[in-house]
Amino acid sequence: MNRHRGAKLFFLIFILGIGNGSFAQKNLLKKLFSSEKDSTRSDSFLPVPLIGYTQETGVEFGLTGLFSFYTDRQDKENRGSTLSGDATYSTEKQSTARIKTDIWTPKNKYHYQAEVRYKNFPFYFYGVGNQTKEADKDLLIEELQHVVLEAEKQLSKEYYLGLTTSFDDYSFREKNPGGIFTTDPIKGKHGGKALFIGLSQIIDNRNSNVYSTQGSYLKLNYSYAPNFFGGENFEGSLFKLDFRTFKTLNNKLVLGVNVNYQTLRGDSPPFYLLPQLGGEMMRGYYTGRFRDQNLLAAQAELRYRFMPRFAIIGFIGAGNVYSTGNFVLAASKPTFGGGVRYFFEVERGLSISLDYGFGEKRANEARQKGLNICIGQAF
């Protein structure tokens with residue numbers, strides 16, 4: 001789960017249940033601060049209601065949840081699997097829904113991921129490029145059907161090879177016609193379909209796929225979108241690189257580093273498929289404020305887990321989006337900030353994360369900033 005709506009949106013989070021039971025009132029504080037681990041590796045479920053308000057959505061309310069389990073409880077090397085979902089609805093009759101799985105089979109021989117998402121929701125469009133302006137923001141209503149399937153097989157202890165496929169169907173309408181979405185020559189403003197088919201490779205020697213404190217992870221993905229749908233629909237390729245490495249500095253302090261690169265190649269790539277700064281990679285930026293054919297970003301995070309149930313973090317990073325052949329290092333945008341973690345599963349490292357990030361301060365604009373809330377780590 002991730003929410004990044006800027007200063008206008010506030011979420012009230014209530015933890016209804018942790019593990020296999022609910023909080024009894026008299027045991028609430030004990031449970032909140034307990035350092036006890038679940039040696040049985042039993043299943044757990046965390047539901048979290050959400051409520052918020054913005055001018056463009058009205059009152060928004062919904063529910064997110066995470067079900068965590070092991071496919072082999074006896075195997076201590078078996079990585080944790082999860083099933084998560086969320087759904088929201090607003091008083092302006094806008095809605096979102098998503099189901100996501102991340103499953104590791106016994107002995108970690110196979111890794112399966114899937115995501116199905118529907119969205120009928122507004123977002124601000126600022127244009128394309130690394131220098132978009134706040135004054136140009138244009139409210140669009142996006143309708144999206146999205147499906148992703150991934151399957152990887154373990155070929156050695158640290159190496160996985162797999163297949164990926166994804167399908168997206170986009171449509172857009174301008175809330176108040178006459179903005180830059182109407183006046184600018186934007187590619188893909190009528191929406192479209194894209195089916196990507198590709199290969200993925202993973203090298204992973206982290207000590208945990210949930211809360212890593214040691215080791216590294218590298219995922220490479222190349223996907224191609226053939227001309228299945230004709231017309232103005234996209235035909236081309238997408239390459240992604242995700243690198244993460246972690247180092248334990250002492251028994252409470254961990255340093256993590258994350259590098260992300262994406263490039264979309266093809267004739268007339270539509271704006272809705274372009275890589276976007278924001279979210280967990282560039283906390284503090286409204287996702288989609290800056291988008292272009294290429295993205296390069298890096299961040300470092302220092303995690304101080306001062307109690308088994310609680311940690312604080314600080315992060316710093318930089319990122320850039322750019323058209324092919326036009327990378328300028330000096331144009332990279334900064335991000336910095338901090339946050340807190342509450343570990344509702346001590347042994348597995350499952351947590352609720354709240355981060356506040358700050359970005360660049362452009363002339364005649366307020367500094368980029370925003371709140372990120374998610375179940376799990378930023379990386």
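Whatever comes next refers back to the structure up there.
Residues numbered from 1 in each chain as written. Predicted model: local features only at pLDDT ≥ 70, side-chain atom pairs only at ≥ 80, totals over all residues. Heavy atoms only, no water.

Regarding the environment of threonine 248
Relative to the helices and strands, threonine 248 is located in strand E11 (residues 236-248). Between the alpha carbons of threonine 248 and glutamine 214 there is a distance of 6.0 Å; along the sequence they are 34 residues apart. Not counting chain neighbours up to four residues away, the residues in contact with threonine 248 comprise Thr213, Gln214, Leu253 and Val254. A distance of 2.6 Å separates a polar side-chain atom of threonine 248 from the backbone oxygen of threonine 213. (Helix = DSSP H or I, 4+ residues; strand = E, 2+ residues; numbered from the N terminus. Contact = heavy atoms within 4.5 Å. Polar contact = N/O pair within 3.5 Å; in protein donor to acceptor, adjacent residues only side chain to side chain.)

Details of the nonpolar core
Phe125, Phe196, Phe271 and Leu273 are the most contacted members of the largest nonpolar core, which has 23 residues in total. Those elements that provide at least two residues to this core are strand E6 (110-125), strand E7 (138-156), strand E8 (159-174), helix H2 (180-183) and strand E9 (192-204). Those residues in contact with phenylalanine 271 that sit more than four places away from it in its chain are Phe123, Phe125, Val128, Phe172, Phe181, Ile186, Lys187, Gly188, Lys189 and Arg291. (Core = buried A, V, L, I, M, F, W, Y, C linked by side-chain atoms within 4.5 Å. Buried < 20%, exposed > 50% of the residue type's maximum accessible area, 1.4 Å probe, protein only.)

Considerations on the packing of aromatic side chains
A complete count under the given rule lists 28 aromatic pairs for this structure. An aromatic cluster of at least three residues, connected via ring pairs, comprises Phe123, Phe125, Tyr170, Phe172, Phe181, Phe271 and Tyr272. We note arginine 303 situated over the ring of phenylalanine 379; from NZ or CZ to the ring centre the distance is 5.2 Å. (Phe/Tyr/Trp six-rings, centres within 6.5 Å; stacked < 30°, edge-to-face > 60°. Lys NZ or Arg CZ within 6 Å of the ring centre and 35° of its normal.)

Digging into the side chain of glutamate 360
With respect to the helices and strands, the residue glutamate 360 is situated in the loop between strand E16 (350-358) and strand E17 (369-375). Assessed through its relative accessible area of 14%, glutamate 360 is described here as buried. A polar contact of 3.1 Å, which involves the side chain of glutamate 360, links it to the side chain of lysine 333. With residues up to four places along the chain from it excluded, the contact list for glutamate 360 reads Tyr285, Phe290, Lys333, Pro334, Arg367 and Gln368.

Quick notes on the pairing of E8
The sheet contact formed by E7 and E8 spans 16 bridges and is antiparallel. What sits directly across from glutamate 143, in E8, is serine 171. A loop of two residues connects E7 with E8, the two strands running antiparallel in sequence. By the bridge criterion, 12 bridges tie E8 to E9 in an arrangement that is antiparallel. In the sheet register, serine 166 faces E9, and the bridge partner there is phenylalanine 196. (Pairing = 2+ DSSP bridges.)

Some details on the environment of alanine 318
As for its placement among the helices and strands, alanine 318 is situated in strand E14 (residues 310-322). A residue is classified by how much of its surface remains accessible, and alanine 318, at 32% relative accessible area, is partly exposed. Here the alpha-carbon distance between alanine 318 and leucine 329, two residues 11 residues apart in the chain, equals 9.9 Å. Sequence-distant contacts of alanine 318, that is, excluding residues within four places in its chain, are made with Met282, Leu296, Ala297, Ala298, Ser332, Lys333, Pro334 and Thr335.

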